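Spelled out from the first residue to the last, the chains are:
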Amino acid sequence: MSITDTRPVHIIGGGLAGCEASWQLARRGVPVVLHEMRPTRGTDAHKTDSLAELVCSNSFRSDDSQNNAVGVLHAEMRRLGSLIMACADSHQIPAGGALAVDREGFAQAVTAAIAGHPGITVARGEVEGLPPEDWDSVIVATGPLTSPSLAEAIRARADEQALAFFDAIAPIVHFDSIDMNVCWFQSRYDKVGPGGTGADYINCPMDKEQYEAFVAALVASDTVPFREFENTPYFDGCLPIEVMAVRGPETLRHGPMKPMGLTNAHNPTVKAYAVVQLRQDNALGTLYNMVGFQTKARHAEQVRLFRMIPGLQNAEFARLGGLHRNTYLNSPRVLDPSLRLKAEPRLRFAGQITGCEGYVESSAMGLLAGLFVAAERRGLEPVLPPPTTAHGALLNHITGGHIESVEPGPRSFQPMNINFGLFPPLDAAPTRDADGNRLRGTQKTVAKKQVLAARALADMDAWAKTHADETDEAAA
């Protein structure tokens, strides 16, 4: 079906997501105006005027499409004709099993591709406030360093709670790695909150010796400093646990680790000295977050520290904790399933501002936003990717797969990298290898990941065919 509306789509933000969205639209014959405020207005993190500048790491993380969820996302993006992946592949540098790039060469390649496409106009200058009314279709892909005027306009248009300006991230654990022979389900005082049952938390008990050892290790942990432009956003509602621990050895016992109102189902007569609670994080029930455990500890330190907690000795983490500047939407509340702002559907969002973490995840959301708008320009409703794919699983987390807290308090939606915990569970987990031998221990985990990956790529192949037809039409 040919394009029925030839008005340009306006994309705000020349980062990874904005460039990917522009490319996907232009290659389908949809005209694009890409707005990038640099160099008219700079940021505290960017150093050049190039599009798609990488301001942190130069790594796109694992490229293993059989055993790693981000590797599956890489493979899916390649199937969908991703500009970001093409430029990353052509500027790859040695990094073992990871895909790392020469950052200058990568950014220059993306910039050249965008500037050289006849369907894309690059407009340098800041978009202040909401876009003009005559921009009928807009993708906002401004990332964590969205300009203050635009951020304020978005917040006012959606609602006053729509935007957060700092992550206070608690670690998230894969449910199937928690030892439920040690832990048990119970809400404090068996309280039934909104949507709760009275058994909404997983509880990990500690005796006095275990607690004191844990606190001592926390106080001595190596932490990540704030970057110069972030400032320090500590306030009592989201203090890192290591900061709380420094305030006194009993602070955590009277804060997020208080044992009151809980009875150990495995040993009812022994009162725990402290308890770590985990709360369900996604509708699938595959992920649980550690309540009140936001931290600035380095990632390796976090794994070591949190595996000291009884029941988490073999924990596998979907995400580790952090606290940093990051402008992002409360997407499950304010965006529809195709990333449109419910309060003003002409505005669509992509990239980190939607509540995803990572270069590849941001690019993937830009890719989807581009495909969705391209469908609309053909007079069609966007077709969402299957939730069994990496794109579909991440989109589902952003727009609806996350669940709200069962108790009132700070917003519970937090940015997330792609991980296998976001994928719908298998109907039946593999139990034997190709030779018929029974799988044991880590073999079962590896086999499960491989089946999830194979299912994702097969389902993506089927979904991608319709979008390949669109590019063929545009070329014709």
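Our subject is the structure that appears above.
All values derive from a computational prediction rather than experimental measurement.

A. Main features of the packing of helix α3 (residues 83–90) against helix α4 (residues 103–116). Where α3 meets α4, the closest approach of the two axes is 9 Å, and the angle between their N-to-C directions is 135 degrees. Relative to α4, the element α3 lies oblique. Classified by chirality, the crossing of α4 by α3 is right-handed. When α3 is examined against α4, the residues L83, I84, C87 and A88 are found in contact with a partner set consisting of F106, A109, V110, A113 and I114. Across the contact of α3 with α4, the residue classes tally to nine nonpolar, no polar and no charged.

B. Region of interest: the packing of aromatic side chains. Scanning the model with the defined rule gives ten aromatic pairs in all. Ring centres of F60 and Y359 lie 5.6 Å apart, and the angle between their planes is 45 degrees; on these two criteria the pair is classed as tilted. Here Y359 lies in helix α10 (residues 359–377) and F60 lies in strand β3 (residues 59–62), a separation of 299 residues in the sequence. Given a relative accessible area of 0%, F60 falls into the buried group. Looking at Y359, the relative accessible area reads 16%, which means it is buried. Through successive ring pairs, a cluster of aromatic residues spans F214, F293, F306 and F317.

C. Quick peek at the side chain of T354. Within the secondary structure layout, T354 lies in the loop between β17 (344–349) and α10. Under the relative-accessibility criterion, T354 is labelled buried at 0%. Not counting residues up to four positions away in its chain, the partners in contact with T354 are L329, S331, L335, L339, F349, M365, I398 and F413.

D. Local environment of the sheet that holds β17. Overall, mixed pairing links the six strands, which are arranged β6-β2-β1-β7-β17-β16 in an open sheet. Strands with a single pairing partner mark the edges of an open sheet, and in this sheet they are β6 (120–124) and β16 (340–341). Pairing between β16 and β17: two bridges, direction antiparallel. Each bridged residue has a counterpart across the sheet, and for L341 the counterpart in β17 is E344. Along the sheet, α10 contacts β1 (9–12), β7 (138–140), β16 and β17; its crossing angle with β17, the most-contacted strand, is approximately 145 degrees.

Procedures and definitions
Residues numbered from 1 in each chain as written. Predicted model: local features only at pLDDT ≥ 70, side-chain atom pairs only at ≥ 80, totals over all residues. Heavy atoms only, no water. Axes fitted to C-alpha atoms, helices over the stretch in contact; angles between N-to-C directions. Helix = DSSP H or I, 4+ residues; strand = E, 2+ residues; numbered from the N terminus. Parallel < 35°, antiparallel > 145°, perpendicular 65-115°, else oblique. Left-handed = near helix turned anticlockwise from the far one by under 90°. Contact = heavy atoms within 4.5 Å. Nonpolar A, V, L, I, M, F, W, Y, C, P; charged D, E, K, R; others polar. Phe/Tyr/Trp six-rings, centres within 6.5 Å; stacked < 30°, edge-to-face > 60°. Buried < 20%, exposed > 50% of the residue type's maximum accessible area, 1.4 Å probe, protein only. Pairing = 2+ DSSP bridges.

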